[in-house]
Amino acid sequence: MARARPTTRPARVRVVPAVLGAVVAGVAMIGLLTACVPGGPPTPGSPPSVPGPVRPSSPTLGACPLFPSDSFWHTDVRSLSVHPRSDDWRATIGATKGLKADFGSGTWDGGPIGIPFTLVGAGQPKVPVSFDYDDESDPGPYPIPADAPVEHGSDHHVIVVDESTCRLYETFDSTRQPDGSWTAGSGATWDLRSNALRPAGWTSADAAGLPILAGLVRYEEVAAGRIDHAIRVTAPVTQRSYVWPARHQAGSTSAATAPPMGAWFRLRADFDTSRLDPQARVVAEALKVHGMVLADNGSSWYMSGAPDERWDNDDLRTLSLIKGTDLVAVDTAPLMVSPDSGQAR
């Protein structure tokens, strides 16, 4: 089920109401000036310190974890070997192109920038959802509120977390119907406390068959000074194959020089993140530790996040100082415990 976005897709926004008060505001003043590795940001001109591998606790969203702490999403990839195809994949995506935060504050073209999500509780009614690709979708009903925010732009993702069950629901190309039901291209659900992957070859609401929510950059984690997961990223050309932890391909070429879905990239350890503004710096430090996972077709090096009015768009634009040449593809094969599990060594 190949789904390709325009290669020149501009940034998009979806406003999510701010949920933190003065306490987080105070944390933000401290957290944004602190790098997301122990010891703070490196002194300009000096090599950054690289602490040993860690196995952090899983971040949470509401009352739920965002997958177990030993999930691939939270893996430290600093010690992984460079993939033999690193130079080819980097060149195909764009060696001279800068990174882009595909999220922010405000609106673009009439809609918010980023992929929104909604938290619901036990009382949220479930509604029917019909899918174009029902053979690879988890059947409804889904607990999607009538006013659930839909991603602005071409993909129209809807993401809902039921806090009472810690279950994640995601749909692609989503449209609410007059009777309260929804139609979508595809849909998938996950137990946020489990490492189970989709069946091999199955899509999700994302081209790689992975959950979207876990790879989004959220304002609250940046304000706290640390992102504890890999980040979702897109590329304009992908291979007709996928590598663990991805489960699905949506490629347009068989060339081995193009990256497959699931390709993983890491920022070089000696990149001086003090060149970046505070919010961008936290994102960059996460790219050194956890990297980013290729999960969909789209513009070169577009990183996904949730919209929030507290983002500083000028700050986030400094991520463009990081070029493709500052990244390497890493070999994630040693992390895999089982091909059908997201658990990582």
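Check the entry above for the structure.
The following paragraphs examine the structure supplied in this document.

Calculation rules
Residues numbered from 1 in each chain as written. Predicted model: local features only at pLDDT ≥ 70, side-chain atom pairs only at ≥ 80, totals over all residues. Heavy atoms only, no water. Pairing = 2+ DSSP bridges. Helix = DSSP H or I, 4+ residues; strand = E, 2+ residues; numbered from the N terminus. Buried < 20%, exposed > 50% of the residue type's maximum accessible area, 1.4 Å probe, protein only. Polar contact = N/O pair within 3.5 Å; in protein donor to acceptor, adjacent residues only side chain to side chain. Contact = heavy atoms within 4.5 Å. Disulfide = S-S within 2.5 Å.

The sheet built from 3 strands is open, its strands ordered E7-E11-E10 with mixed pairing. Sheet topology places strand E7 (129-131) and strand E10 (175-176) at the edges, where each strand pairs with a single neighbour. Sheet topology places E10 next to strand E11 (residues 182-184); 2 bridges connect them, and they run antiparallel. For Thr175, the partnering residue across the bridge sits in E11 and is Thr183.

We now examine the side chain of Ser181. Here Ser181 is to be found in the loop between E10 and E11. You can call Ser181 buried: its relative accessible area is 14%. Side chain to side chain, Ser181 and Asp179 meet in a polar contact 2.6 Å long. Once residues within four sequence positions are removed from consideration, Ser181 is found in contact with Pro128, Thr175 and Arg176.

To continue, consider the pairing of strand E12 (residues 186-191). Counted residue by residue, E12 has 5 buried out of 6 residues, so it is predominantly covered. Sheet topology note: the strand E9 (residues 167-172)/E12 ladder contains 6 bridges and is antiparallel. Along E12, the bridge assignment pairs Arg167 with Asp191.

The subject of this paragraph is the state of the cysteines. Taken as a whole and judged by the stated rule, the model has 1 disulfide. Each disulfide pairs two cysteine sulfurs, and for Cys64 the partner residue is Cys166, the sulfurs being separated by 2.3 Å. In this structure the cystine formed by Cys64 and Cys166 twists about its S-S bond by roughly -90°; its chirality is therefore left-handed. Here the residue Cys64 occupies a position in strand E2 (residues 64-65), and Cys166 occupies one in the loop between strand E8 (158-162) and E9, the gap between them amounting to 102 residues. The class of Cys64 is buried, set by a relative accessible area of 0%. By relative accessible area, which is 7% here, Cys166 ends up buried.

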